[in-house]
Amino acid sequence: MPIYEYVCTECEEKFELLRPFSKADEVAECPHCKHDSERVLSKFCCVSVNESGVTSSIAGSSCASCGSSNCAACAMN
Ligand SMILES: [Zn+2]
């Protein structure tokens, strides 16, 4: 099961949650204030290495390393 990162819209607490891919975009409950939290897209997942060995970050929501439109797929590898 992939890990997703969330940030609380109330207290801005960041936390990670293991949940099914199908529930990735659902709101999560903040462990501190029980307020709704929104999912944060991980930047570290969106990294690709080109033919010359240069690592580059890909901006946006698509993932270069797995070709998925959702980076959460990488966490299952
Ligand atoms: Zn909170």
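How each quantity is defined
Residues numbered from 1 in each chain as written. Predicted model: local features only at pLDDT ≥ 70, side-chain atom pairs only at ≥ 80, totals over all residues. Heavy atoms only, no water. Helix = DSSP H or I, 4+ residues; strand = E, 2+ residues; numbered from the N terminus. Buried < 20%, exposed > 50% of the residue type's maximum accessible area, 1.4 Å probe, protein only. Pairing = 2+ DSSP bridges. Salt bridge = Lys/Arg side-chain N within 4 Å of Asp/Glu carboxyl O. Donors = N, O, S within 2.8 Å, 3.2 Å for Na, K, Ca; no water. Tetrahedral: all angles 85-135°; square planar, octahedral: opposite > 155°, others 65-115°.

Mind showing me how you'd approach unusual backbone geometry here?
A negative phi angle is the norm for most residues apart from glycine, just as the trans form is the norm for most peptide bonds. A positive phi angle, close to 65 degrees, is found at Glu12, a residue other than glycine. Phi at Lys34 takes a positive value of approximately 65 degrees, unusual for a residue other than glycine. Here Lys34 is to be found in the loop between strand S3 (28–29) and strand S4 (36–40). By relative accessible area, which is 52% here, Lys34 ends up exposed.

Please explain the sheet that holds S3 as it appears in this structure.
In any sheet, the strands associate via hydrogen bonds between backbone groups, in a parallel or an antiparallel arrangement. Sheet architecture is open: four strands sit in the order S2-S1-S4-S3, paired in antiparallel fashion. Strand pairing shows two members of the sheet lacking a second neighbour, strand S2 (14–18) and S3, which therefore form its edges. Two strands pair when backbone bridges link them, and S3 and S4 are joined in this way by two bridges, in the antiparallel orientation. Along S4, the bridge assignment pairs Ala28 with Ser37.

Please clarify how the pattern of salt bridges should be interpreted in this entry.
Any two side chains of opposite charge can pair if their charged atoms end up close together. Here the structure, examined in full by the defined rule, presents two salt bridges. Residue Arg39 pairs with Asp25 through a salt bridge whose shortest N-O separation is 2.7 Å. Of this pair, Arg39 sits in strand S4 while Asp25 is found in the loop between S2 and S3, placing the two residues 14 residues apart along the sequence. Asp25 gets classed as exposed once you look at its relative accessible area, which sits at 63%. A salt bridge links Lys34 to Glu29; the shortest N-O distance between them is 4.0 Å. This pair shows no difference in class: Lys34 is exposed, exactly as Glu29 is.

Explanation requested: the coordination of the zinc ion in the structure shown.
Octahedral metal centres with six donors ideally show angles of 90 or 180 degrees, and tetrahedral centres with four donors ideally show 109.5 degrees. Those protein atoms acting as donors to the zinc ion are Cys8 (SG), Cys11 (SG), Cys30 (SG) and Cys33 (SG), and they sit at 2.3 Å. One can describe the site at the zinc ion as tetrahedral: its four donor atoms subtend angles covering 100 to 121 degrees at the metal. Each donor residue of the zinc ion belongs to the same chain, with the gaps between them written as C-x2-C-x18-C-x2-C. Here Cys33 lies in the loop between S3 and S4 and Cys11 lies in the loop between strand S1 (3–8) and S2, a separation of 22 residues in the sequence. We classify Cys11 as partly exposed; its relative accessible area is 38%. The class for Cys33 is partly exposed, based on a relative accessible area of 33%.

Remember, this is a structural readout, not a statement about activity or role.
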